[in-house]
Amino acid sequence: MRKTKSLGKWILVVMALSVALTGCTDSDNDNKESSNKQTLVIEHATVVDVRSGKLVSDQTITIADNRISHIGSSGDVKIPKDAQVKDAKGQYVIPGLWDMHVHLEDNYKEAFPLLLANGVTGIREMGAALPRIDEWNKSIQAGMTAPHLVYAGMTLNGGPADDAPHMRYLKTEEEAREAVRINAEKGASHIKVYSWLPRPLFLAVVDEAKKYGLPVVGHLPVEVRAEEAVQLGFKSIEHMHGLFIATSSIEDDIFKNADMSDLAGYSVAEIEASQHYDAQKADKLFREFKEKEVWPVPTLVTYFNMGKTEIDPRSKYVPTAVQERWAETIRAVPPEQTELVATINSLNPGMVKKLNDAGVPMLAGTDSGYELTNLIYGVSLHDELELLVKSGLTPLQALQTATLNPAKYFGREEETGSVEEGMQADLVLLDKNPLEDIRNTTSISGGYPGWEADGEADVGPGG
Ligand SMILES: [Zn+2]
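Residues numbered from 1 in each chain as written. Predicted model: local features only at pLDDT ≥ 70, side-chain atom pairs only at ≥ 80, totals over all residues. Heavy atoms only, no water.

Trainee: Describe the coordination of the zinc ion, listing the residues and the values that go with them.
Mentor: Distances from the zinc ion to its protein donors, H101 (NE2), H103 (NE2) and D367 (OD), fall within 2.0 to 2.4 Å. Summarised as a motif, the one-chain spacing of the donors to the zinc ion is H-x1-H-x263-D. Taken together, the positions of H101 in strand β6 (residues 97-102) and D367 in the loop between α13 (335-357) and α14 (379-390) put the pair 266 residues apart, joining distant regions of the chain. The exposure classification of H101 matches that of D367, with both residues buried. (Donors = N, O, S within 2.8 Å, 3.2 Å for Na, K, Ca; no water. Helix = DSSP H or I, 4+ residues; strand = E, 2+ residues; numbered from the N terminus. Buried < 20%, exposed > 50% of the residue type's maximum accessible area, 1.4 Å probe, protein only.)

Below, the structure written as structure tokens:
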């Protein structure tokens, strides 16, 4: 287990702590060592406008009650007498980052500080056992510093039950509706479905979720066509599952004949489909994504990191037992899986490029958790941004997948996702310009409270 450090050292970002997102348990994340009543002023900073990609230099940002109360040219702004002042000359301010696909499991005590240290001030949790949710909520309510958290509750799946504790294996429509109700009552902000949920149960889930005003997201179930899911209001498509099939000329044939009863079979079908790309079908589907606001969450980093044949050196940020488990898993990977993952990694960037060329906005997600090898809370989000750029997004577009786009997804553009007056003060200070090189999102600087360069390279994003 990693040694725990004082909270003050951990927090490398300014966070708006008091404003709850809809359906989230974003309770009092107040940092023990600072009063969030004190006005904080960041002066001489270059603000990165994530809407336009403009850099606005020499700005003074005033933060009061965890909100950006004012932004103006440094020469013009009067600094309140009792304010804590941080000189950010030469530095860049970006909005706090969202990782839109995270699994917290029971790792929250390690995950929260690591996420925050890496500038991730918000996470969308994508499936956990219900008692876990109680644990997170209790800890946050007791004062634990945490990113903004929205969660799914149990993942809704069908097929033969295995013992994944975060999954609910549904057999009947009644069970499906009940599971949605239970998640909703737990405070879920979205309902997550998984690949083997039978179509009739998927329809029941969608119908029940509508009653609670909750979007249905997740793995596109293998029995459901992307086209149908879009029409039903499916809101985010994780890992781009199903998109190769949906944009191929052999979709009918695959739905009739392919064995997609496990992930390997599904991947084989997707790989086969990728050889039969139908540009017209893709255009139509992507246009519908835009019209209906369906968000692909490519999670390129998931397969990319799983494909690494060695343990990532930055795994030193996870507990030793996890490192050992990961090393063991990597050693035991059968060659056919290595090949499958490599093929998927060779295809995924092309799909991201097609989506981006078609103007479909995306969300940054990682699948971080301890189950999959080499996916490290916080660290992986920066890898994802880099992979998105390598797939053809501009650095600005990549930055938007973790800031402005999540805000739009949540319908909270007025609250979060950009550095503007009136917004929650979720801010990250960078030493280098992220629009020049997306890797510069790892050049996170300063500590809060105190704002000294904190010298704890050990918890940084390794950049
Ligand atoms: Zn996941």
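From this point, the discussion proceeds with the structure in view.
Trainee: So what's going on with the environment of F255? Which residues, and what values?
Mentor: Topologically, F255 is positioned in helix α8 (residues 251-257). The sequence separation of F255 and V222 amounts to 33 residues, and the corresponding C-alpha distance is 8.5 Å. Ignoring any residue separated from it by four or fewer positions in sequence, one finds F255 in contact with V222, E223, V224, R225 and I245. (Contact = heavy atoms within 4.5 Å.)

Trainee: Report on the pattern of salt bridges, specifying residues and quantitative values.
Mentor: Under the definition given, this model contains 28 salt bridges. A salt bridge links R177 to E173, with the nearest nitrogen and oxygen atoms 3.4 Å apart. With R177 and E173 both in helix α4 (residues 173-185), this residue pair falls 4 residues apart, about one helical turn. Relative accessible area serves as the criterion here: at 41%, E173 is assigned to the partly exposed category. The closest approach of N and O atoms between R314 and D312, which form a salt bridge, is 2.9 Å. Of the two residues, R314 and D312, neither departs from the other in class, the shared state being buried. Overlapping salt bridges, with partners in common, bring together K308, D312, R314, D383, E386, K390 and R439 in one network. (Salt bridge = Lys/Arg side-chain N within 4 Å of Asp/Glu carboxyl O.)

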